Amino acid sequence: AEEVHALTGLMGMDLQTLRGGVLARASWRDAMRLNLHSRLAQRVLVQLSYTPYRNEKDLYDAASDVAWEIWFTTRQSFKIEVTAQHSPLTSLNFAALKVKDAIADRFREKRHGVRPSVETHHPDVRVHLHLTTDGATIYIDTSGEALFKRGWREDKGDAPLKETLAAAMIAASGWDPHGDDPQPLYDPCCGSGTVVIEAAQIARRIPAGILRRFAFEKLVPFQRHVWEAILDEAEAAILPESPVGIYGSDIAFRMVDFAQRNAERAGVAGSIQLRGGD
């Protein structure tokens, strides 16, 4: 919630902390900015509906009422992801099937018998259904691949740390390279460099998602010129060097090599000093 506030200025009733997530009353531009800049979120979802339910037919009806045609077209492929907390339904796969059928049937009705295809591995559009004991929430995913996939990590060790978790550890530590008392940062067990690379990008104001693509680029509301303006603004704010020292070391020299290569791909090799040693 603090990060969303810092990136969008939202507060009060427009920014609520829920179990496992944050609910923000935000603009489409905010959704794009959050995808680009958030270091902590796994996904940015747009809530399309919330309805009480008792059975799978209720889920079909809820999904049928969503105006899917204003979000994507019959040329895009889609996939349904289901999560549940204490749902009375016996099969979440069947719940996903009913939502898929509802989307396909609505497109057939609105688009003269044509419907988008289902793609389970690399869909253009991900629809998320979240079920509680008696409530069903439907979201469309603006992120695509989870946001911890920054696009720079190719070399990793045996127990890689998710980039979002590394960023959360840094945030929890209170380290602020742009504050009144900026401190250097040192990771003595740096592995493939996840913590120090996140830190270096934070220090130089390099957006977390600058190297990757997002699902919103394939959605109907997407406007290329608006997105390019957001990217230009973000790139103009990047600092040429870190205002503080950032250091990493690891007892495994092989891991230090991995960290160096990852740092180069992340654009921060010149901002981190790495060495091998106990």
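It should be noted that the structure appears before, not after, this text.
Reference entry: report on the structure contained in this document. (Residues numbered from 1 in each chain as written. Predicted model: local features only at pLDDT ≥ 70, side-chain atom pairs only at ≥ 80, totals over all residues. Heavy atoms only, no water.)

1. Digging into the state of the cysteines
Note on terminology: disulfide describes a covalent bond linking the sulfur atoms of two cysteines. Evaluation of the coordinates by the stated rule reveals zero disulfides. In this model C189 remains outside any disulfide bridge; the closest cysteine sulfur is found in C190, 8.3 Å from its own. According to the relative accessible area criterion, C189 is exposed, its value standing at 60%. (Disulfide = S-S within 2.5 Å. Buried < 20%, exposed > 50% of the residue type's maximum accessible area, 1.4 Å probe, protein only.)

2. Some words on the environment of D101
Mapping D101 onto the fold places it in helix α4 (residues 92-110). Overall, D101 belongs to the partly exposed group, its relative accessible area being 23%. As a C-alpha pair, D101 and I80 span 21 residues in sequence and 10 Å in three-dimensional space. (Helix = DSSP H or I, 4+ residues; strand = E, 2+ residues; numbered from the N terminus.)

3. Notes on the nonpolar core
L59, W68, F72, I103, L129, L131 and W227 are the most contacted members of the largest nonpolar core, which totals 43 residues. Of all elements in the fold, only α2 (28-37), α3 (56-64), β4 (78-84), α4, β5 (125-131), β6 (135-141) and α7 (224-236) reach the threshold of two or more residues within this core. Apart from residues no more than four positions distant in its own chain, L129 is found in contact with L59, E81, V82, T83, A95, V99, A136, T137 and I138. Membership of the second largest hydrophobic core comes to 18 residues, among which are A166, V195, V244 and V268. (Core = buried A, V, L, I, M, F, W, Y, C linked by side-chain atoms within 4.5 Å. Contact = heavy atoms within 4.5 Å.)

4. Describing the sheet that holds β4
One open sheet holds the four strands; their spatial order is β3-β6-β5-β4, and the pairing between them is mixed. Looking at strand neighbours, the two that pair on one side only are β3 (45-52) and β4, the edges of this open sheet. The sheet shows a mean angle of 20 degrees between the axes of neighbouring strands, direction not considered. Relative to β5, β4 is paired through seven bridges, and the arrangement is parallel. (Pairing = 2+ DSSP bridges. Axes fitted to C-alpha atoms, helices over the stretch in contact; angles between N-to-C directions.)

5. Some details on the layout of surface pockets
By volume, the largest pocket is sized at about 1,500 Å³. Lining the largest pocket are 41 residues, with G21, V22, L23, L45 and Y139 sitting closest to its centre. Contributing elements (two or more residues each) for the lining of the largest pocket: α1 (2-8), β1 (15-18), β2 (21-24), α2, β3, β5 and β6. Split by residue class, the lining of the largest pocket holds 20 nonpolar, 15 polar and six charged. What the second largest pocket holds in volume is close to 810 Å³. Lining the second largest pocket we find 26 residues, and of these E3, A6, L7, R39 and I202 sit closest to its centre. Sorting the residues of the lining of the second largest pocket by element identifies α1, α2, α5 (163-173), α6 (194-203) and α7 as the ones contributing at least two each. Ranked by the residues each element gives to the lining of the second largest pocket, the list is headed by α1, at four residues. Looking at the lining of the second largest pocket residue by residue, the class counts come to 15 nonpolar, four polar and seven charged. (1 Å grid on protein atoms, 1.4 Å probe; cavity = no way out; pocket = protein on both sides within 12 Å on 5 of 7 lines; lining within 4 Å. Points joined across faces, edges and corners; volume = space filled by probe spheres on them. Nonpolar A, V, L, I, M, F, W, Y, C, P; charged D, E, K, R; others polar.)

6. Some points on the pairing of strand β9 (residues 273-276)
Bridging between strand β8 (residues 246-250) and β9 involves four bridges; their strand directions are parallel. Its bridge partner lying in β9, D250 is registered against G276. For the segment spanning β8, helix α8 (residues 253-265) and β9, crossover handedness is right-handed. (Right-handed = clockwise from strand over helix to strand, strands pointing away.)

7. Re the sheet that holds strand β7 (residues 185-187)
Here we have three strands laid out as an open sheet, ordered β7-β8-β9, and parallel in their pairing. Each edge of the open sheet carries a strand with a single partner, namely β7 and β9. Taking each pair of neighbouring strands and ignoring which way they run, the sheet shows an average axis angle of 15 degrees. Packed on one face of the sheet, α6 meets β7, β8 and β9 and runs near 170 degrees to β8. Running at roughly 160 degrees to β9, α8 makes contact with β8 and β9 of the sheet.

8. Points about the packing of aromatic side chains
Here the structure, examined in full by the defined rule, presents nine aromatic pairs. Summarising the aromatic geometry, the rings of F216 and W227 are spaced 4.9 Å apart at their centres and angled 80 degrees between planes, so their arrangement reads as edge-to-face. A residue pair is termed long-range when its members are at least 10 positions apart, and F216 in the loop between α6 and α7 and W227 in helix α7 qualify at eleven residues. Through a chain of ring-to-ring contacts, three or more aromatic side chains come together here, namely W28, W71, F214, F216, F222 and W227. (Phe/Tyr/Trp six-rings, centres within 6.5 Å; stacked < 30°, edge-to-face > 60°.)

9. Focus: the pairing of β2
With four bridges connecting them, β1 and β2 associate as antiparallel partners. Looking at β2, one finds that T17 is bridged to V22. In sequence, β1 turns back onto β2 through a hairpin of two residues, with G20 there showing a positive phi of about 80 degrees.

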